[in-house]
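Here is how the chains run, residue by residue.
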Amino acid sequence: MKIVIREARPSDMTAVLDLIKELAHFEREPDAVEVRAEDLEEDGFGEDPCFTCFIGEVDGSIGGMALVYPRYSTWKGRALHLEDLIVKEKFRGQGLGNALLEKVVEYGHDLGVKRISWEVLDWNEPAITFYERKGARVMRDWDVVQLDEQGIEQFLQKR
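A quick note: this is a predicted structure, and the numbers were derived from the prediction, not measured. (Residues numbered from 1 in each chain as written. Predicted model: local features only at pLDDT ≥ 70, side-chain atom pairs only at ≥ 80, totals over all residues. Heavy atoms only, no water.)

> What should I look at first to understand the overall build of the protein chain in this one?
Of the regular secondary structure elements, the protein chain holds five helices and five strands. Secondary structure of the protein chain in N-to-C order comes out as β-α-α-β-β-β-α-β-α-α. Relative to the compact-globule value of 15 Å for 159 residues, the protein chain shows a C-alpha radius of gyration of 16 Å, a close match. In terms of its C-alpha atoms, the protein chain occupies a principal-axis envelope of roughly 55 × 35 × 35 Å. Put simply, the protein chain has 159 residues, and 33% of those count as buried. Within the protein chain, contacts between residues at least 6 apart in sequence are counted, and of these 57% link residues at least 24 apart. Here the protein chain displays about 11000 Å² of accessible surface, and carbon together with sulfur accounts for 47% of that area. Within the protein chain, the 32 negative side-chain charges are centred at a point lying 6 Å from the centre of the 21 positive side-chain charges. (Helix = DSSP H or I, 4+ residues; strand = E, 2+ residues; numbered from the N terminus. Rg over C-alpha atoms; globule rule 2.2 N^0.38 Å. Buried < 20%, exposed > 50% of the residue type's maximum accessible area, 1.4 Å probe, protein only. Contact = heavy atoms within 4.5 Å. Areas by Shrake-Rupley, 256 points an atom, 1.4 Å probe, with all protein chains shown as cover. Lys, Arg positive; Asp, Glu negative; His and termini not counted. Charge placed at Lys NZ, Arg CZ, Asp CG, Glu CD.)

> Mind showing me how you'd approach the sheet that holds strand E1 (residues 3-7) here?
Within a sheet, neighbouring strands are paired by backbone hydrogen bonds and run either parallel or antiparallel to one another. Taken together, five strands build an open sheet; the order of strands is E1-E2-E3-E4-E5 and the sheet is mixed. If you trace the sheet from one side to the other, it starts and ends with E1 and strand E5 (115-117), each paired once. For this sheet the average axis-to-axis angle between neighbouring strands, irrespective of direction, equals 25 degrees. Where strand E3 (residues 61-73) lies against strand E4 (residues 77-87), 10 bridges are found, and the strand directions are antiparallel. If you follow Ser-73 over to E4, its bridge partner there is Gly-77. (Pairing = 2+ DSSP bridges. Axes fitted to C-alpha atoms, helices over the stretch in contact; angles between N-to-C directions.)

> Which parts of the structure should I look at to understand the side chain of His-81?
Positionally, His-81 belongs in strand E4. Look at His-81 and you get buried, because its relative accessible area is 2%. A polar atom in the side chain of His-81 sits 3.4 Å from the side chain of Glu-83. Discounting chain neighbours no more than four positions away, the residues touching His-81 are Leu-67, Val-68, Tyr-69, Arg-71, Ser-117, Trp-118 and Glu-119. (Polar contact = N/O pair within 3.5 Å; in protein donor to acceptor, adjacent residues only side chain to side chain.)

> So what exactly am I meant to see when it comes to the state of the cysteines here?
Joining two cysteines, a disulfide is a covalent bond between their sulfur atoms. All told, the structure shown has zero disulfides when counted by the stated rule. Cys-53 provides the cysteine sulfur closest to Cys-50, a residue in no disulfide bond, and the two sulfurs are 13 Å apart. (Disulfide = S-S within 2.5 Å.)

> What's the story with the packing of helix H1 (residues 13-26) against helix H2 (residues 37-45) in this structure? I'm lost.
A pair of packed helices is captured by two measures, namely the crossing angle of their axes and the spacing between those axes. Packing of H1 against H2 brings their axes to within 9 Å, and their N-to-C directions diverge by 115 degrees. Regarding the angle of H1 to H2, the classification is roughly perpendicular. Pair H1 / H2 crosses with right-handed handedness. Of H2, the residues touching H1 (which contributes Met-13, Thr-14, Val-16, Leu-17 and Ile-20) are Ala-37, Leu-40, Glu-41 and Phe-45. Here the contact of H1 with H2 is built from residues that sort into seven nonpolar, one polar and one charged. (Parallel < 35°, antiparallel > 145°, perpendicular 65-115°, else oblique. Left-handed = near helix turned anticlockwise from the far one by under 90°. Nonpolar A, V, L, I, M, F, W, Y, C, P; charged D, E, K, R; others polar.)

> Please explain the pattern of salt bridges as it appears in this structure.
Close approach of charged atoms allows side chains of opposite charge to pair. Summed over all chains, the structure comprises four salt bridges. For Asp-12, the salt bridge is made with Arg-6, and the minimal N-O distance between the two is 2.7 Å. The pair formed by Asp-12 and Arg-6 is uniform in burial state, with each residue classed as buried. Here Arg-36 ties to Asp-39 by a salt bridge, and the two come within 3.0 Å at their closest N and O atoms. Here Arg-36 falls in the partly exposed class, since its relative accessible area comes to 44%. Each of Arg-6, Asp-12 and Glu-57 takes part in one network of salt bridges that share partners. (Salt bridge = Lys/Arg side-chain N within 4 Å of Asp/Glu carboxyl O.)

> What exactly am I supposed to notice about the packing of aromatic side chains here?
What describes a pair of aromatic rings is the distance from one ring centre to the other and the angle between the planes of the rings. Applying the stated rule across the entire model yields four aromatic pairs. Judged by centre distance (5.6 Å) and plane angle (45 degrees), the rings of Phe-26 and Trp-123 are tilted. Linking Phe-26 in helix H1 with Trp-123 in the loop between E5 and helix H4 (125-133), this pair joins segments that are 97 residues apart in sequence. Looking at Phe-26, the relative accessible area reads 33%, which means it is partly exposed. (Phe/Tyr/Trp six-rings, centres within 6.5 Å; stacked < 30°, edge-to-face > 60°.)

> Looking at this structure, how should I read a positive patch on the surface?
There is a patch of like positive charges on the surface, built from Arg-71, Lys-76, Arg-115 and Arg-137. Checked against the element boundaries, Lys-76 lands in the loop between E3 and E4. (Patch = residues over 30% accessible without salt bridge, like charges linked within 9 Å, V, L, I, M, F, W, Y side chains within 5 Å.)

Structural data, given as structure tokens:
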């Protein structure tokens, strides 16, 4: 089995969207994905790219991806956010997730970031164990806070 990690190309975005949908299904949110392949192409490769995506190929087939974007920490400075690291179920346990995470960490290091952060669902024990084995600290005393599109509208209406 040959694993290759490379930067994504616009032509990969249909496969990336399939991975995103597979993750949404795994996370019990199969109908939550609104983004389209065209959005990913524009947002990742347009005039002002919002993210960097790495593709994990196994024997020439796309088996996973990692999508990151810059952040800024008021405590640490430049940071990187790992939005998703996804490995197709049939490729799990074969080193692809490790190779993708290594690429993300190398990329962050090359950028000079002070921190790489991401979220993991509290019930996803295999992922938590994987990340902790790699030296990541899972901060169980923090809660994720979000305003979705509807929440943004409601917020603005109440001001």
